[in-house]
Amino acid sequence: MARAFSISSSYLFFFIFLIFSHATIPILGDEYSYVKRVDPKKMGMRKEKLSHFRFYWHDNVSGRNPTSIRVVAPPTNSTTAFGLINMIDNPLTIEPELSSKMVGKAQGLYTSASQEEIGLLMIMNFAFFDGKYNGSTFTVLGRNTVFSKAREMSVIGGSGLFRFARGYVELKTYSVNIITGDAIVEYNAYVLHY
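Procedures and definitions
Residues numbered from 1 in each chain as written. Predicted model: local features only at pLDDT ≥ 70, side-chain atom pairs only at ≥ 80, totals over all residues. Heavy atoms only, no water. UniProt positions renumbered as here; feature names shortened; annotations may be inferred. Helix = DSSP H or I, 4+ residues; strand = E, 2+ residues; numbered from the N terminus. Polar contact = N/O pair within 3.5 Å; in protein donor to acceptor, adjacent residues only side chain to side chain. Contact = heavy atoms within 4.5 Å. Buried < 20%, exposed > 50% of the residue type's maximum accessible area, 1.4 Å probe, protein only. Pairing = 2+ DSSP bridges. Patch = residues over 30% accessible without salt bridge, like charges linked within 9 Å, V, L, I, M, F, W, Y side chains within 5 Å. Areas by Shrake-Rupley, 256 points an atom, 1.4 Å probe, with all protein chains shown as cover. Salt bridge = Lys/Arg side-chain N within 4 Å of Asp/Glu carboxyl O. Core = buried A, V, L, I, M, F, W, Y, C linked by side-chain atoms within 4.5 Å. Phe/Tyr/Trp six-rings, centres within 6.5 Å; stacked < 30°, edge-to-face > 60°.

As recorded by an unreviewed UniProt entry, the protein carries the name Dirigent protein and is attributed to Vitis rotundifolia. In its Subunit (unreviewed entry) section, the UniProt entry covering the protein states "Homodimer." As its UniProt record puts it under Subcellular location (unreviewed entry), the protein is described as follows: "Secreted, Extracellular space, Apoplast".

Novice: What exactly am I supposed to notice about the side chain of Asp182 here?
Specialist: Within the secondary structure, Asp182 sits in the loop between strand 8 (166-176) and strand 9 (183-193). A polar atom in the side chain of Asp182 sits 2.8 Å from the backbone nitrogen of Val61. For Asp182, the side chain forms a polar contact with the side chain of Ser62, separated by 2.8 Å. With residues near it in sequence (within four places) discarded, Asp182 still touches Asp59, Asn60, Val61, Ser62, Ser175, Val176 and Asn177.

Novice: Sorry, what's going on with the pairing of strand 6 (residues 137-145) here?
Specialist: The side chains of a regular strand alternate between both faces of the sheet. Of all nine residues in strand 6, seven are buried; the element is thus mostly enclosed. Alignment of strand 5 (residues 119-128) against strand 6, held across nine bridges, turns out to be antiparallel. If you follow Met122 over to strand 6, its bridge partner there is Gly142. The pairing of strand 6 with strand 7 (residues 151-159) spans five bridges and is antiparallel. Looking at strand 7, one finds that Leu141 is bridged to Ser154. Connecting strand 6 to the next strand, strand 7, in antiparallel fashion are five residues.

Novice: Please explain a nonpolar patch on the surface as it appears in this structure.
Specialist: Judged by side-chain polarity, Ile69, Val71, Val72 and Met87 come together as a nonpolar surface patch covering roughly 330 Å² of accessible area. Here Ile69 lies in strand 2 (residues 68-72).

Novice: Could you clarify how one ought to interpret the nonpolar core in this entry?
Specialist: One broad trend across soluble globular proteins is that nonpolar side chains are buried collectively. By size, the foremost hydrophobic cluster in this structure holds 27 residues, and its most contacted members are Trp57, Met124, Phe126, Phe138 and Tyr187. Looking at this core, the elements with two or more residues in it are strand 1 (49-59), strand 3 (85-93), strand 4 (102-112), strand 5, strand 6, strand 7, strand 8 and strand 9. When residues of this core are assigned to their parent elements, the largest contribution, five residues, is made by strand 5. With near-sequence residues (within four places) excluded, Met124 lies in contact with Trp57, Ile88, Ala106, Gln107, Gly108, Phe138, Thr139, Val140, Met153 and Tyr187.

Novice: Where do I start with the packing of aromatic side chains in this structure?
Specialist: Aromatic rings in a pair are described by how distant their centres are and how their planes are angled relative to each other. Within the structure shown, the criterion is met by 19 aromatic pairs. Relative to Tyr133, the ring of Phe128 lies with its centre 6.5 Å away and its plane at 55 degrees, an arrangement referred to as tilted. On the numbers, 5.9 Å between centres and 50 degrees between planes, the contact of Phe128 with Phe162 is tilted. Placement of Phe128 in strand 5 and of Phe162 in the loop between strand 7 and strand 8 is noted, with a sequence separation of 34 residues between them. One exposure class covers both Phe128 and Phe162, and it is buried. Connected via pairs of aromatic rings, a cluster forms that spans Phe53, Phe55, Trp57, Tyr110, Phe126, Phe128, Tyr133, Phe138, Phe162 and Tyr187.

Have a look at this one:
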């Protein structure tokens with residue numbers, strides 16, 4: 001009986017030692033030399049808010065100063081332009097007319113990623129240069145089936161006033177010039193940010 005007590009005592013001593021010692025057991029903690037917890041309030045992160053932005057995206061592939069340039073042409077046998085890659089620096093305006101107030105640019109690329117339909121993979125930073133949003137960006141990533149009436153893509157992050165942003169954009173084609181290929185798309189962005 002005394003022997004059983006001594007084994008139990010040694011286990012108890014061992015656990016007390018672990019609790020009060022500086023020994024680190026990786027499975028019991030998450031402390032690493034390159035990670036530390038941060039108080040969100042000290043970073044200026046107060047209450048999260050939901051903002052709605054509406055603007056028009058101008059994809060100008062024609063003319064003397066196009067804002068969308070093909071960097072990889074699709075194979076000639078593709079009916080969906082599969083493999084096409086365009087780099088963009090497209091204006092974002094508050095009205096459908098290109099002459100209306102420009103609030104920023106959509107900078108990134110889109111690629112034709114479907115062999116069955118016109119389905120684009122779009123990767124864009126919406127970079128704003130108007131008012132309090134000047135210098136702030138949010139990033140959009142997603143699938144755009146251009147012949148669908150309405151489409152959605154994800155907001156996956158941001159910078160400046162859009163740090164830790166998340167949300168989605170709804171887009172619908174406002175107009176397409178069949179001769180030039182230029183397009184105007186209405187974007188409604190719903191962005192959660194601090």
